[in-house]
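Here is how the chains run, residue by residue.
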Amino acid sequence: RGVDLEANGGEVVGLLGPNGAGKTTTFSMVAGFLRPTSGTLSLNGIDLTTSPAYMRARKGLVYLPQESSVFQKLTVEENIREALISLTEYEKNKRLKQLIRLLKLNEICKTKAIHASGGEQQRLSIARAIALKPDLLLLDEPFSNLDSQLRAKLFDHILKLRDEENMSIIIVSHEGQDVLGLSDFIYFLNKGKMSSRKTPFNSYYNLSHLSNSKLFGIVNQINFQGEQIRFRPDEYHKGPGLDIIYENSIFLGTHYLNYFSSKKNEQIILSSTIPLDNFRSIRIKKKLAN
């Protein structure tokens, strides 16, 4: 209802929302599995909801599902060659080298896909999906089965795709952190309704919609001087203002999460580089969302 989404050339766009928000239905319409009951869906100015232009234009669009989409018994190189079957031998060899370099698959190009790791299979799936240089790549929960190191590597590969292939990429996820650093713009979907187009900074620091904000992590919410205030764990300074009671700190490698309570017994979580066990009061400093 009221879904309006735009992805321009060379942009990474994130589509976020909780389970049941309508992400799958929206993505299925963009991918061509469902036809919209009203409105238009266009790629490079061609209306995809009409025929025969519908099928012709869809050649510039590729959907990559969450599950691995590779031939397990073929080698990595054979998998990519299969996706390039429509090209001449010269074009095929040239594009094969480009994809192996871009997705860093050179060390396993002779390895059968069944013996590749989860992260390698994910990169191979992407290589196959972009083999014929689509204008739009749709990624459905691409990070869900990857650990933190593999996620970081895949982030880098996706950004290189944007820069080197100049393709539009839409990523659907229910995890805000998966798309926050990747996306040029972000849309939120809630109960079938789409938000306006937002920058990642605005998406993170504009806390007017609580459920959307929680997709990116911790949101503190307190009542202070008769006003309800929301703020992120980094939006504070030490100083007189809000009295807090220290409880404990948790070390997460790159930073600490420090747990406090207010005099009204509201939980407050602050991030820092050292434990904040000597804090007794803070000043909340909101960052202006751009």
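Heads up: these notes are all about the structure in this document. (Residues numbered from 1 in each chain as written. Predicted model: local features only at pLDDT ≥ 70, side-chain atom pairs only at ≥ 80, totals over all residues. Heavy atoms only, no water.)

## Considerations on the pairing of strand S12 (residues 256-262)
Move 1: For S12, the tally of buried residues reaches six of seven residues, placing the bulk of the element in the interior.
Move 2: Direction of pairing for strand S11 (residues 236-251) relative to S12: antiparallel, over a ladder of seven bridges. Note that in S12 the partner of Ser-249 across the bridge is Asn-258.
Move 3: Between the end of S11 and the start of S12, which pair antiparallel, lie four residues, with Gly-253 showing a positive phi angle near 95°.
Move 4: Bridging between S12 and strand S13 (residues 267-272) involves six bridges; their strand directions are antiparallel. Across the sheet, the residue bridging to Leu-257 is Ser-271, located in S13. (Buried < 20%, exposed > 50% of the residue type's maximum accessible area, 1.4 Å probe, protein only. Helix = DSSP H or I, 4+ residues; strand = E, 2+ residues; numbered from the N terminus. Pairing = 2+ DSSP bridges.)

## Thoughts on the environment of Pro-134
Move 1: In this fold, Pro-134 is placed in the loop between helix H5 (118-129) and strand S5 (136-140).
Move 2: Residue classification places Pro-134 among the buried positions, given a relative accessible area of 5%.
Move 3: Residues Pro-134 and Tyr-256, 122 residues apart in the sequence, show an inter-C-alpha distance of 43 Å.
Move 4: Leaving out residues up to four positions away in the same chain, Pro-134 has contacts with Gly-60, Leu-61, Val-62, Ala-129 and Met-167. (Contact = heavy atoms within 4.5 Å.)

## Description of the side chain of Ser-183
Move 1: Structurally, the position occupied by Ser-183 is in the loop between helix H7 (176-180) and strand S7 (185-190).
Move 2: Engagement of the side chain of Ser-183 in a polar contact is seen with the backbone nitrogen of Gly-14, the distance being 3.4 Å.
Move 3: At 2.9 Å, the side chain of Ser-183 and the backbone oxygen of Val-179 are in polar contact.
Move 4: Discounting residues that sit within four places of it in the chain, Ser-183 has contacts with Val-12, Val-13, Gly-14 and Pro-200. (Polar contact = N/O pair within 3.5 Å; in protein donor to acceptor, adjacent residues only side chain to side chain.)

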